[in-house]
Number of protein chains: 2
Amino acid sequence: MKKYNFGAGPSILPQEVFEQSAQACLDYNGIGLSLLEISHRSKEFEAILEETITLTKALLNIPTGYQVLFLQGGANMQFAMIPYNILNEEETANFVETDLWSTRAEEEARLYGKTKIIASSKDANFNYVPKDFIIDSDAAYLHLTSNNTIYGTAFFEDQSYPIPVVCDMSSDIFSRPVDVSKYHLIYAGAQKNLGCAGITMVILKKEWLGRSKRPKSKMWDYSIYAKNNSLYNTPPVFTIYTCLLTLRWLKKLGGVEEMKKRNKAKAALLYQEIDRNPLFRGHAAVEDRSRMNINFIANDPEHEAAFLEFVNSYNIHGLKGYRTVGGFRASCYNALPIESVEVLVKAMQDFENKSSK
Amino acid sequence: MKKYNFGAGPSILPQEVFEQSAQACLDYNGIGLSLLEISHRSKEFEAILEETITLTKALLNIPTGYQVLFLQGGANMQFAMIPYNILNEEETANFVETDLWSTRAEEEARLYGKTKIIASSKDANFNYVPKDFIIDSDAAYLHLTSNNTIYGTAFFEDQSYPIPVVCDMSSDIFSRPVDVSKYHLIYAGAQKNLGCAGITMVILKKEWLGRSKRPKSKMWDYSIYAKNNSLYNTPPVFTIYTCLLTLRWLKKLGGVEEMKKRNKAKAALLYQEIDRNPLFRGHAAVEDRSRMNINFIANDPEHEAAFLEFVNSYNIHGLKGYRTVGGFRASCYNALPIESVEVLVKAMQDFENKSSK
């Protein structure tokens, strides 16, 4: 029996991605070889990579002048690679601190230049995203996190800022249309909306290649990836294929506009129940509520463990909140069907009825 | 129809690894979730990682005082991470240059300290491995590549040297017993004998953690991986599982002693035919012949394309040699059955018969 997977990541992917990945492990496209044993220089993998990049550009409507790169090491690696590649030692980067990950990004940047946290919601346990912040006009870039996985908050608008913007979209990429032209660099670990764990996508304005002047190790240098179309060394073949399968599914369903519609519907349904149900309350400020990671808390602390136990019989998985927030986190990524949310809402209502007896 | 896969990497894995990986994509161990959607903090993945490390230690008979780490980015990433973590700026590392990869390792180390190539077989197109070299007794370490994928040469002995030894075992790890105590650091990209592409194993003497004094980015710091048991950030869950499956297979078959026996038998069979068949000759010096990557050349240059075409009808795949050597490369990694070598030998004999008509 399949579980309703609300895990925060690595997380649910479309069912057909699981099936097609399984088939590829046995025999890729009928070539008599498993995808796990083909060369990254084979025409089969070159076609996979090419189509993945093409689909990314089409689905996100990426303007010319940008390059799509695939790198290993996750968003954490990008916390270091971005300042290493972009920030010169005497320059400053501005950060808006909205969760643990933006904090990590700022800490890593300190090794390569100056940093300044220009706004933070830390004082309110990150339950909102700062909106009015003053940017240093001479800073090299502004770093944002568009969706905050732990605390369930999000920026929904791609705003114009007076300096280049770097954005960590690990947990909401492909969940809505993005105006890529507003960013110099977008990065995203795959393991939420894009594919299985082990690959990170970087969308980079080409004029930024070679921006920082420090001598660089090849594997930490965007220019090497750009020049070699992410094939300087052996990339994770299978992992990139799971991205391609997910993007094909996304395109078939109607792309990011359709995803936005579906994600809004799922989120509305769940937040409505959180607001209605007297046993629960949301964590994030209403106007900043994430559609990807929906955090809520039991009003009675004793209900926390009880509700987690209760949902087991509904085959609900991955609902436990992050330790710094507590409570529950229902991650509703693209691949999560609305039926899963309906089951969760039903479980919340049944729990309310049971508790009132 | 399955192909006989002689590809150099990513390369053949055991058939049961393909089958079990496929099953895990659909439903991991009957838990109602695909392996591609489970958290790296789940008890399922923690068990996978733990067993992978335990099996590695058992199969390679790793003494106490070593740590097994899993990192992303391939051996190329290690070319940078090793000097970054080990070599202080004023120190020198010694390199034995036996192929393109050792050259890359040396070039990357120049960014972090001093380097010296103490021996090279470049003058002979890397067709042998240097044996008598003079080591700088005050060098921080000696870097070796145990098996040279491109040129088909190998060091087979784990020798004692007066300084710590770092060894790239990407293409022969688990192919024979290794005396790990002779090394301070062993590293290996997975995609030959260990698993699918996207993970690198590092076996590190713990006393070397924190050796270089430069401030480090977290994702480039062995100490962070060691402290977090390779779980500082999201690792490639599926990829590590393919390693576990391969190691289980290896253990079941009798471990690295049995692999050495099988690999010697496969190599002997193929080299015998290369030496016998008047149409072909080997590239590597006889005493340094790799058991993993068996390179040979057509004596008549016109036979090169013809033989590659000829083997197609035998379902032989991946035999084309690297561009700097030409000819043919039959990679005979652990998972390649001797039957595949027998088919190749038959094809060589049939080609000889056909050509003599």
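Residues numbered from 1 in each chain as written. Chains lettered and ligands numbered in written order. Predicted model: local features only at pLDDT ≥ 70, side-chain atom pairs only at ≥ 80, totals over all residues.

J.: So what exactly am I meant to see when it comes to the overall build of chain A here?
T.: Tallying secondary structure elements over chain A gives nine helices and 14 strands in all. For a compact globule of 357 residues, the expected C-alpha radius of gyration is about 21 Å, and chain A comes in at 21 Å, within 12% of that figure. Its C-alpha atoms give chain A principal-axis dimensions of roughly 70 × 55 × 30 Å. Out of the 357 residues in chain A, the part that is buried amounts to 54%. Residue pairs in contact within chain A that sit at least 24 positions apart in sequence constitute 66% of those at least 6 positions apart. (Helix = DSSP H or I, 4+ residues; strand = E, 2+ residues; numbered from the N terminus. Rg over C-alpha atoms; globule rule 2.2 N^0.38 Å. Buried ≥ 20, exposed ≤ 12 C-beta atoms within 10 Å, placed from the backbone. Contact = placed C-beta atoms within 7 Å.)

J.: How should I be thinking about the environment of B:Ile203 in this particular structure?
T.: In this fold, B:Ile203 is placed in strand S10 (residues 200–205). For the pair formed by B:Ile203 and B:Cys167, sequence separation is 36 residues and the distance between their alpha carbons is 9.9 Å.

J.: Please explain the interface of chain B and chain A as it appears in this structure.
T.: Accessible area lost when the parts come together is the quantity often used to give the size of an interface. At the interface, 52 residues of chain B touch 52 residues of chain A. Take the side of chain B that touches chain A: its biggest share by element is six residues, from helix H1 (residues 15–26) of chain B. Within the side of chain B that touches chain A, the residues separate by chemical class into 23 nonpolar, 23 polar and six charged. (Nonpolar A, V, L, I, M, F, W, Y, C, P; charged D, E, K, R; others polar.)

J.: Looking at this structure, I do not really get helix H6 (residues 237–253) of chain B. What am I missing?
T.: Working note: α-helix, 3.6 residues per turn, so residues spaced by three or four point in the same direction. Along its 17 residues, H6(B) runs 25 Å from first to last C-alpha, staying within 8% of the 24 Å computed at 1.5 Å per residue. Of all 17 residues in H6(B), twelve are buried; the element is thus mostly enclosed. For H6(B), the set of buried residues is B:Val237, B:Phe238, B:Thr239, B:Ile240, B:Tyr241, B:Thr242, B:Cys243, B:Leu244, B:Leu245, B:Thr246, B:Leu247 and B:Leu250. In the core, the buried residues of H6(B) are packed alongside helix H6 (237–253) of chain A together with H1, helix H2 (43–59), strand S2 (66–71) and helix H7 (255–276) of chain B. (Expected span 1.5 Å × (residues − 1).)

J.: Please explain the domain arrangement of chain A as it appears in this structure.
T.: Residue and element names in this part refer to chain A. By the assigned domains, chain A splits into domain 1 (15–253) and domain 2 (255–355). For domain 1 versus domain 2, the distance between C-alpha centres works out to 27 Å. Between domain 1 and domain 2, the contact holds 24 residues from the first and 24 residues from the second. Here the element with the most residues in the side of domain 1 that touches domain 2 is H6; it accounts for three residues. (Domains from an automatic or database assignment.)

J.: Just checking my understanding: could you explain the sheet that holds strand S11 (residues 280–282) of chain A for this structure?
T.: One key point about sheets: their strands pair by backbone hydrogen bonds, in either a parallel or an antiparallel sense. Residues and elements named next belong to chain A. Taken in spatial order, the three strands of this open sheet run S11-S12-S14, and their pairing is antiparallel. Here the strands that pair on one side only, and so sit at the sheet edges, are S11 and strand S14 (328–331). Between one strand axis and the next, the sheet turns by 30 degrees as a mean value, whatever way the strands run. In terms of strand pairing, strand S12 (residues 293–298) meets S14 through four bridges, oriented antiparallel. When the sheet's bridge partners are listed, Asn295 is paired in S14 with Arg329. (Pairing = 2+ DSSP bridges. Axes fitted to C-alpha atoms, helices over the stretch in contact; angles between N-to-C directions.)

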